[in-house]
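A closer look at the structure
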Amino acid sequence: MDPARTSHRQPRRLPVSIGVWIGVALVPVLALVVRPDPIETTDPGDPAEPVAYAVPNVDLATNTARFVSECGHSHSANNDPILFPGQPGESHFHDFFGNTGTDADSTHATLAEGTTTCQGAADLTAYWAPALFQHGEHVEPLGVHAYYRVAPGTDPESVRAFPEGLMMIAGDATASSPQPTEVVAWSCDRSPVVSAAPQQCPKGAPLSLRVTFPDCWRGGGEANLDSADHRSHVAYGGGEGCPPSHPVAIPQLTLAVRYPIYGPIEGLSLAPGSLLQGHADFFNAWDPAKLENEIGSCLQRGVVCVIPGSTGHHAAFAEDLKDQL
Amino acid sequence: MDLKRTAVLALAAFTLVLSACGDSGGGDSGGGDDQGDGASEYSTLRVPGDYATIQEAVDAAQEGDLVLISPGVYKETVDVETDDVVIRGVDRNETILDGEFERDNGIRVVGANGVAVENLTARNYAYNGFFWTGVDGFRGSYLTAYRNGDYGVYVIDSQNGLIEHSYASGSPDAGLYIGQCYPCHMVVDDFTSEYNGLGYSGTNSGGDLYLTNSIFRYNRVGIVPNSGSYELCYPERETTIVGNTVYSNNNPETPAIDVALLAMGNGILTAGGVGNVIERNLVYDHDLGGIVLTVFPEEEPSDVIPAESVPCDEATPTQPPEEELPDLLIWPSLDNEVIDNDVSQSGLADLAVANAGEGGSPDGGNCFAGNVFETSAPTDLETKAPCGGEPSGDFNEGAFDVMSLITRETPPSVDYQTAPTPEPPELPGMPDASDAPPSPATDMPPSIDVDAIVLPERPED
């Protein structure tokens, strides 16, 4: 205690005045307005060579500004409304999170009228990932933590909301060699230690498949919510901001799919067939006003809006500590 | 009034004129009545009189304005991004924000400095009732938060603030949370936290942080300052906990996060806390410990324990090579002072220090003096770890069984939406709420005379 103590005001850590914020934010908006779209909307682009990935941004604890959706497992099915729209049963087996009605016929309109497993009702997005099997048995996931952050190298003020109905796939379901961990990685819960193969995790930190999505969009409105190859309408900024071909910065989504798998990694496989084939899908159905709000309030102002909690594996945690202490 | 403040008010008045002339949206001519008496210019923006929603009023408010909310149930979520706004309910118990288990936060102050929120209730939010993040200067007074999905009152990455005369119940995490600040420069006074997973949680916070004259009861666990690399600015340090009443924190029927299950049945428990002062608290009726200084075990940590104690804005994660990150990081409780408390009716020990062999010495630099107690772990703790003297004696004799915390089975969490959290009692409201001029949180925290705080009397219930 210090009887002489008075209040000590410190300089603000993030001195962003509203006026400056509005002024800076207008610049990219104006740039978009006057820039003619240089890309033919029918051009499939060059999707096969995403030379730039997300720069390493794996430490979920230390990249401060964020908002996070915590969503439970909703259902699992052989459906994929991006790759096999209108063709139920054609896909490999997926686990679905967030929107509870996601199926092969889902559109933005159907998703937007649905319900969600996410903690906040405003996130009606459909998230899905290939199902994980252990010795042939489907492993029911604990759920997902969807981290929305500013990609490294991106001006926070330039980040725009995902357009309604934007579809993205991250990771390669046909990979035959390890994928870059900047895109697809395995970790133990929030640990910064990531690897291309699943790790042996302690019981307080469940095995997680962590998939990071592109953070730049081509723009151009509804025509570019998807693309023929489902990839080329979005791109990774690679730590240097968005390229001219994909000038619209969007939040960098890292989806962590959490599984109740601890200890030795035995008999694991992903639905496409190989553990190398980690990937995930995103079909935006956020309430648009709420999404705008979260980007403006949390990402552009540089503050942490959610830290996901730790609930549901206490018993395993206790058991593990008993062994270690 | 300094020049800057005057300029701000002038600008605010100018903007109001513009708004009154040109704003036709919202159906109201700029909103509110102008209290233009010169010395304390501000506008009162009434909800729902001038604005249909709280958010609309908050968005229209200029620095220094008062948003005054009539009794009613408001089904909205409010973000505040303007400095020095005061948001006040006319009736603490009847001005209610309701999240209906769908909306995320009641009132969230995002990087706006000097915002005061007072005389309101927030219930049934999926995340938090009242939430400040990334701010310099804040005040919460006469707040009631109950049945919220994460925390009642949540303050992170902020500094210079006061939380007073407030109440939180029915959250799985903490009724009150203050995290990620050092030095925090904050005071919590006259807070009641009950039926939560944790009464108080302070992760990586401290430094000029005072938790005083408050009640923590009927939670799973009472007051829990802790360290962990899963949030920034570790470790927890230098929190002064004085004059609180902490009892019967063994409640199996609350919602509870994992840490609350792990630490259940303890009154004041530092989990990897450093340099805290725990003084003149009344602590009783706990299944395990009254005041316990122990470890926080963190699996798959993001960092190692920093070598030096530095302010948050100078702290950068060490980010060692992966191979140097331990699988399990044990944060010990070090250099805490436990003085002049009255601790009784503890199942295992009234006073305990248990660092599981970590911390460099058996006592970990912790000391105990002047406490009224019957049992301690190890035995004769005040003799073995005296304040102002050298530690001595056998710290293994009657040592606190950390394993007993970890290996026992505790009743599982109860869903926060359906847990038997009692409706809050009628709580005293802010005096003169309808007419008092707004007082933005521009000079926080108030000074506090810690020496004048006495050991509380035992309540009758």
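Rules used throughout
Residues numbered from 1 in each chain as written. Chains lettered and ligands numbered in written order. Predicted model: local features only at pLDDT ≥ 70, side-chain atom pairs only at ≥ 80, totals over all residues. Pairing = 2+ DSSP bridges. Helix = DSSP H or I, 4+ residues; strand = E, 2+ residues; numbered from the N terminus. Domains from an automatic or database assignment. Nonpolar A, V, L, I, M, F, W, Y, C, P; charged D, E, K, R; others polar. Buried ≥ 20, exposed ≤ 12 C-beta atoms within 10 Å, placed from the backbone.

Right, let's talk about the sheet that holds strand β14 (residues 248-249) of chain A for a bit. All names here are of chain A. Strand order across the open sheet formed by 3 strands is β13-β12-β14, with antiparallel pairing between neighbours. Each edge of the open sheet carries a strand with a single partner, namely β13 (234-235) and β14. In this structure, strand β12 (residues 216-217) lies alongside β14, joined through 2 bridges in antiparallel fashion. Paired with Cys 216 across the strands is Ala 249, a residue of β14.

Further remarks concern the domain arrangement of chain B. All names here are of chain B. Annotation of chain B at the domain level lists domain 1 (1-168) and domain 2 (170-430). Elements that contribute at least two residues to the side of domain 1 that touches domain 2 include exactly β9 (115-123), β11 (136-146), β12 (151-156) and β13 (159-169). At 10 residues, the largest contribution of residues to the side of domain 1 that touches domain 2 is made by β13. When its residues are assigned to classes, the side of domain 1 that touches domain 2 shows 12 nonpolar, 13 polar and 7 charged.

All names here are of chain A. Across the 5 residues of strand β17 (residues 279-283), 5 count as buried, placing the element largely inside the fold. Alternating positions in β17 separate into two faces, His 279, Asp 281 and Phe 283 on one and Ala 280 and Phe 282 on the other, with burial throughout. Where strand β4 (residues 126-130) and β17 come together, 3 bridges link them in antiparallel fashion. If you follow Trp 128 over to β17, its bridge partner there is Asp 281.

What follows deals with the sheet that holds β12 of chain B. All names here are of chain B. An order of β5-β8-β10-β12-β14-β16-β19-β22-β26-β31-β33 is seen for the 11 strands of this open sheet, with the pairing classed as parallel. A single partner strand is all that each edge strand has here, and the edge strands are β5 (78-80) and β33 (376-377). Strand direction decides the pairing type here: strand β19 (residues 221-226) and strand β22 (residues 268-271), joined by 2 bridges, are parallel. Within the sheet, the bridge partner assigned to Ile 223 lies in β22 and is Ile 268.

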